[in-house]
Amino acid sequence: MSIRVIVGAQWGDEGKGKIVDVLAKEAQHVIRYQGGANAGHTLKFDDKEVVLHLIPSGIFSSSGTCIIGNGVVVDPIALQEEIKTVEAMGVEVKDRLFISDAAHVILPYHKVLDKVKETQRGKYAIGTTGRGIGPAYVSKVSRVGLRMGDLLYPEFTKAKIREVVDEMNPSLETLYQSERLDPEAIIAQVEDAVEAIKPYIRNTTHFLHKALRRQESMLLEGAQGSMLDVDHGTYPFVTSSSPTSGGACTGSGVPPTALTHVMGITKAYCTRVGNGPFPSEEDNETGEALRKAGHEFGATTGRPRRCGWLDLVALRYAVELNGMNELALTKLDVLDGFETIKVCTAYRLDGKEIDFVPLRADDLSRVEPLYQEFTGWKGQTTRNVTQWDELPESAQTYVNWIEEQLGIWFTFVSTGPKREETIRRFSK
Ligand code: GDP
Ligand code: IMO
Ligand code: MG
């Protein structure tokens with residue numbers, strides 16, 4: 001029985017969705033544990049492409065349950081849409097999809113707040129996805145949030161929405177010069193979606209504890225990435241939850257002692273969407289070439305992703321932070337056309353070489369990346385290769401070198417966006 005956490009090892013968009021889709025057929029339960037519809041997890045199979053924002057990425061490949069855990073912030077309107085999309089693809093979600101009654105609800109006013117706060121930040125904007133994530137977690141932590149279980153009590157829900165909107169309106173008007181919100185309009189706006197998702201709400205923590213007693217296997221799916229973690233990432237340029245492995249426990253109710261594997265997902269290079277420090281960024285032709293080859297545009301917002309070389313300092317930090325004991329390398333094929341490949345192995349800060357990530361964003365934005373260069377495998381291709389031995393020799397050298405530096409193996413090497421475009425190494 002394996003209880004495996006899938007965690008982003010960089011700034012998100014590492015290909016978590018693809019790896020979860022590949023692994024989910026071996027798991028009885030797939031559980032999303034944090035974030036919300038800021039996530040965009042892309043799956044490609046049978047000539048179909050689908051981007052999931054809230055529903056766990058096991059919904060197509062597994063026949064088990066898919067759970068939206070208590071650590072997730074759920075936008076009922078976005079979820080209703082997503083359920084429709086999945087069902088239109090011929091997959092029945094009834095009796096398979098469960099939403100934790102303790103997960104917090106994102107309401108339209110959280111999205112309004114997200115936007116007005118970003119506008120007010122001006123040049124210090126975080127570059128959020130505008131999905132209301134930060135304000136929803138603020139409601140949760142300040143104990144005024146509405147939970148999914150509350151939606152089963154319509155009068156309570158309405159009273160809560162009225163109370164929160166009344167409290168919010170004066171600051172919307174005076175602090176943010178924004179229009180007042182009408183609680184009755186908000187209630188009407190979410191009514192249909194709330195009705196549609198009610199049947200999926202239940203106590204998923206108790207459900208998972210029973211599954212653990214029966215020794216059933218689980219895949220805990222993180223959103224975002226370690227460098228966007230609210231505690232351990234490049235604060236304040238982070239998301240408002242804990243994508244790191246600790247968050248998998250608090251966000252699902254699965255205890256730390258139950259975890260058997262922590263798998264980090266990393267691209268063969270690096271990307272970041274939104275603002276904040278990114279030491280190995282190539283804001284030039286090289287970055288453009290990576291963006292083009294990797295189709296690096298946000299799966300949620302469509303924004304161009306910032307691109308750069310693999311940052312081993314940040315990756316080692318993610319390995320240690322999460323206690324990763326497995327890694328998956330994605331998008332190796334994107335490096336196919338490059339003459340030379342670089343990897344950042346250390347930083348220089350104020351003239352001193354350092355091998356760790358400074359936690360002040362200001363410091364991290366000042367570091368100079370120090371690189372090791374590799375000869376690429378231009379002219380040969382890794383795309384769609386499914387056997388390790390069939391990779392070009394210099395691609396093997398590149399991957400093996402990263403493994404040596406980190407002291408962990410890549411259990412998976414992904415050579416294309418489709419399920420089949422995957423090299424599986426070593427035993428399960
Ligand atoms: P996630 O948020 O971590 O699930 O990642 P995204 O779905 O946001 O972004 C990953 C993108 O890379 C998606 O468009 C995937 O279809 C694509 N992808 C995943 N693995 C590979 C790979 O090995 N090669 C290529 N070329 N694309 C990949
Ligand atoms: P997946 O799960 C990449 C980024 C935003 C912004 C910051 C805060 O697909 O990897 P938020 O809306 O969360 O308050 O924005 O975090 N961000 C992501 N970047 N992948 C994601 O999710 C992201 N979710 C949020 O761009 O910089
Ligand atoms: Mg994504």
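Look up: the structure comes first, before these words.
One structure accompanies this document, and this report is about it. (Residues numbered from 1 in each chain as written. Chains lettered and ligands numbered in written order. Predicted model: local features only at pLDDT ≥ 70, side-chain atom pairs only at ≥ 80, totals over all residues. Heavy atoms only, no water.)

We now examine the site of ligand 1. Inspection of the region around ligand 1 gives 18 residues, with Lys-16, Gly-17, Thr-42, Asp-333 and Ser-414 positioned closest. Within the side chain of Lys-331, a nitrogen or oxygen atom sits 2.9 Å from an oxygen atom of ligand 1. Relative to its unbound accessible area of 590 Å², ligand 1 is 92% covered by the protein chains. Among the detected pockets, ligand 1 sits in the second largest pocket. The residue makeup of the shell around ligand 1, split by class, is three nonpolar, eight polar and seven charged. Both domains that furnish three or more residues to the shell around ligand 1 are identified here as domain 1 (3–100 + 210–262) and domain 3 (266–424). (Near = heavy atom within 4 Å. Polar contact = N/O pair within 3.5 Å; in protein donor to acceptor, adjacent residues only side chain to side chain. Areas by Shrake-Rupley, 256 points an atom, 1.4 Å probe, with all protein chains shown as cover. 1 Å grid on protein atoms, 1.4 Å probe; cavity = no way out; pocket = protein on both sides within 12 Å on 5 of 7 lines; lining within 4 Å. Sits in = over half its atoms within 2 Å of the grid points. Nonpolar A, V, L, I, M, F, W, Y, C, P; charged D, E, K, R; others polar. Domains from an automatic or database assignment.)

With respect to spatial proximity, 20 residues lie near ligand 2, and among them Asp-13, Lys-16, His-41, Thr-129 and Thr-239 are the closest. In this structure, Thr-129 approaches ligand 2 through a side-chain N or O atom, which is 2.6 Å from an oxygen atom. Residue Arg-303 places a side-chain N or O atom 2.9 Å away from an oxygen atom belonging to ligand 2. Summarising the interface, the protein chains cover 98% of the accessible area of ligand 2, which totals 550 Å² for the free molecule. One can see that ligand 2 is located within the largest pocket. Here the shell around ligand 2 is composed, by residue class, of seven nonpolar, ten polar and three charged.

On to a nonpolar patch on the surface, then. A surface patch of nonpolar side chains, amounting to about 330 Å² of accessible area, comprises Leu-152, Tyr-153 and Phe-156. Tracing the backbone shows Phe-156 in helix α5 (residues 154–174). (Patch = residues over 30% accessible without salt bridge, like charges linked within 9 Å, V, L, I, M, F, W, Y side chains within 5 Å. Salt bridge = Lys/Arg side-chain N within 4 Å of Asp/Glu carboxyl O. Helix = DSSP H or I, 4+ residues; strand = E, 2+ residues; numbered from the N terminus.)

A word on the pattern of salt bridges. Within the structure shown, the criterion is met by 27 salt bridges. Across the pair Glu-118 and Arg-121 runs a salt bridge whose closest N-O atoms are separated by 2.5 Å. Of this pair, Glu-118 and Arg-121 both sit in helix α3 (residues 108–121), three residues apart, which is roughly one turn of that helix. Judged by relative accessible area, Glu-118 falls into the buried class, the value being 13%. We note a salt bridge from Glu-368 to Arg-348, for which the minimum N-O separation is 3.2 Å. Taken as a pair, Glu-368 in strand β18 (residues 368–375) and Arg-348 in strand β16 (residues 340–349) lie far apart in primary sequence, 20 residues in all. Salt bridges sharing common partners tie together Asp-13, Lys-267, Glu-296, Arg-305 and Lys-331. (Buried < 20%, exposed > 50% of the residue type's maximum accessible area, 1.4 Å probe, protein only.)

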